[in-house]
Amino acid sequence: MNTVLLQQGGIGGVPFTLIGITAATLVLVIFVYAMFRRYKRCPSDRILVVYGKVSGGGEGGRTAKCVHGGASFIWPIIQDYEFMDLSPISIEVELKNALSKQNIRVDVPSRFTVAISTEPSVMANAAERLLGLSKDQIKGVATDILFGQLRLVIATMDIEEINNNRDKFLSNVSHNVEAELKKIGLKLINVNVTDIMDESGYIEALGKEAAAHAINDARKSVAEKNRDGSIGEANAVQDERVQVANAQAKAKIGEAEATKAERIATAEANARAIEGENTSQISIAESDSLRRQREAEAEKTAIAAEKVQSAKALEESYHAEQLAEQARAERDQATEYANVVVPAQIQKSKIEIDAEAKAETIRRIARGEADAIFAKREAEAKGIFEILTKQAQGFDEIVKAAGNNSKDAAMLIIADKIEELVRMQSEAIKNIKIDKVTVWDSGKGGADGKTSTAGFLSGLYGSVPPLNEMFDMAGLELPDYLKKKKVEEGSADVIDTDDTTESAE
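Figured I'd write up the structure that's included with this text.

Parameters and conventions
- Residues numbered from 1 in each chain as written.
- Predicted model: local features only at pLDDT ≥ 70, side-chain atom pairs only at ≥ 80, totals over all residues.
- Heavy atoms only, no water.
- Helix = DSSP H or I, 4+ residues; strand = E, 2+ residues; numbered from the N terminus.
- Buried < 20%, exposed > 50% of the residue type's maximum accessible area, 1.4 Å probe, protein only.
- Contact = heavy atoms within 4.5 Å.
- Areas by Shrake-Rupley, 256 points an atom, 1.4 Å probe, with all protein chains shown as cover.
- Expected span 1.5 Å × (residues − 1).
- Arc of directions from axis to C-beta.
- Core = buried A, V, L, I, M, F, W, Y, C linked by side-chain atoms within 4.5 Å.
- Pairing = 2+ DSSP bridges.
- Axes fitted to C-alpha atoms, helices over the stretch in contact; angles between N-to-C directions.

1. A closer look at the overall build of the chain
Right, on to step 1. A tally of regular secondary structure across the chain gives 12 helices and 11 strands.
Right, on to step 2. Split into buried and exposed, the 505 residues of the chain put 16% on the buried side.
Right, on to step 3. Put simply, of all contacts in the chain between residues at least 6 apart along the chain, 69% involve residues at least 24 apart.
Right, on to step 4. When the accessible area of the chain is evaluated, it comes to approximately 37,400 Å², of which 56% is carbon and sulfur surface.

Structure representation (structure tokens):
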């Protein structure tokens, strides 16, 4: 019972057997697809190189398998593959100063066309030495080989051979170059030597020599032909004279007979001709008369027509000249207008525009200055307003502190400024330098018992207004405690005469 249930079990109602078959089929399909993906076909313009673990490999065996125009299976993990391009590579070799067999340096610019070879042994060399290289890298390797082999071939040949026997030179170059190119897997397709030059001018001299030989041979051939022609010409002239003499004899006989017949025929023809001439002259005279009449009429008609046409032509000419003069006058008027009026209008417009621009500039500058002055005055007014407002608020606070008594408030303000007032009083005589004052004192006392020096100093200090007078001038009254002062008798008024004199000095 358990076995039956196990066989009938599954996932979501699908039996395990069906799931296993599906999974195995899926794995098989993936495996077959992967195998097909590893089967690589090689196009005709490439070589498929399979490297890694290949048959026949190992020590002394192949390191890679090359396939051209076929296909191969690439085993996963142990093998990999890469294609090599068989497109031809054109290499330009500018060989200069190559030393020939005669120790003459020549320039042999040439162009070689090479490609990777499809021979089995050479393909293996290409797989070993060129796999993974770009066309430029292959071109660089081949260029070095071409330079060396081209120099080697030139060193084994004379200049005459190189210049005259180009086929032999190209054959030697192809043989040497192809043998070396096969070592790296390349094949020589074509060799083209554009020109051969030497710095000593030897090849040019050989060309001149060959040209001179050719010219001399041509001249000799021409002389021989001229000689044969002269001989043939003399023979031809001799035959011609004999035949001409025979012909002239026959001609004279025939000419005499012809002259006889001609004279007879001429006489008859002259008679008929005279008759015909007379008849024709009559016809000519009649025809001339008619012609002259017709010519006179035609000439009269032509002259009249010419006069009419001439008059019409003159009229049209005068009309055309009138129109031309009018057009010229209009053109001159337009020219003067363009030369005088238009520049004046332009100058006028320019002056108006400049004046308007200057006026606008002045207006804008004035407007800006006015705005600046207004802003400055407004700011100053706001500042003064703020100061006065704050002062008024301060005075209001002082009045409130003085019990709303304005006089007491003024006394408080003066009390606050008392130090500054006293300082201003003292500064009235501060800068007087007593040591620079010279006083002439006789030593006699005055009516109040003071000497002249003491009176001078008392007067100097007495010139300073006392505080009570300043308060009186301001309409205020100095407090009583500031009015009282104790002056020690003789302390402020008595000054030693000798000491004062010394200090004054």
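2. Remarks on helix H6 (residues 166-182)
Right, on to step 1. Helix length check: H6 (17 residues) gives 24 Å between terminal C-alpha atoms against 24 Å at 1.5 Å per residue, within 8%.
Right, on to step 2. For H6, the complete set of buried residues consists of Phe-169, Val-173, Val-177 and Leu-181. All buried residues of H6 fall inside an arc of 80 degrees around its axis, so they share one side. Projecting away from the buried face of H6 at angles above 90 degrees are the exposed residues Asp-167 and His-175.
Right, on to step 3. In the core, the buried residues of H6 are packed alongside strand E9 (105-116), helix H4 (135-155), helix H5 (159-164) and strand E10 (186-193).

3. Observations concerning the nonpolar core
Right, on to step 1. Ranked by internal contacts, the top residues of the largest apolar core, which has 41 residues, are Phe-112, Ile-154, Phe-169 and Leu-181.
Right, on to step 2. Of all the elements, H4 adds the most residues to this core, at 7 residues.
Right, on to step 3. Excluding its chain neighbours within four sequence positions, the residues that come into contact with Ile-154 are Leu-95, Ala-98, Leu-99, Ser-100, Lys-101, Val-106, Val-108, Ile-162 and Phe-169.
Right, on to step 4. The next biggest cluster of nonpolar side chains, apart from the first, holds 6 residues, and it includes Leu-48, Val-54, Val-67 and Ile-74.

4. Some words on the sheet that holds strand E4 (residues 46-52)
Right, on to step 1. One open sheet holds the 3 strands; their spatial order is E5-E4-E7, and the pairing between them is antiparallel. Strands with a single pairing partner mark the edges of an open sheet, and in this sheet they are strand E5 (64-67) and strand E7 (79-85). Taken pair by pair, the neighbouring strands of this sheet meet at an average axis angle of 25 degrees, ignoring direction.
Right, on to step 2. With 4 bridges joining them, E4 and E5 adopt antiparallel strand pairing. Across the sheet, Tyr-51 pairs through a bridge with Ala-64, a residue of E5.
Right, on to step 3. Helix H3 (residues 120-129) contacts E4, E5 and E7 of the sheet and is inclined by roughly 125 degrees relative to E5.

5. Notes on H4
Right, on to step 1. For H4, which comprises 21 residues, the first-to-last C-alpha distance of 30 Å matches the rise-based estimate of 30 Å (1.5 Å per residue) to within 8%.
Right, on to step 2. Along H4, the residues that are buried comprise Ile-138, Ala-142, Thr-143, Ile-145, Leu-146, Gln-149, Leu-150, Val-153 and Ile-154.
Right, on to step 3. Each element contacted by the buried residues of H4 is listed here: strand E8 (89-99), E9, H5, H6 and E10.

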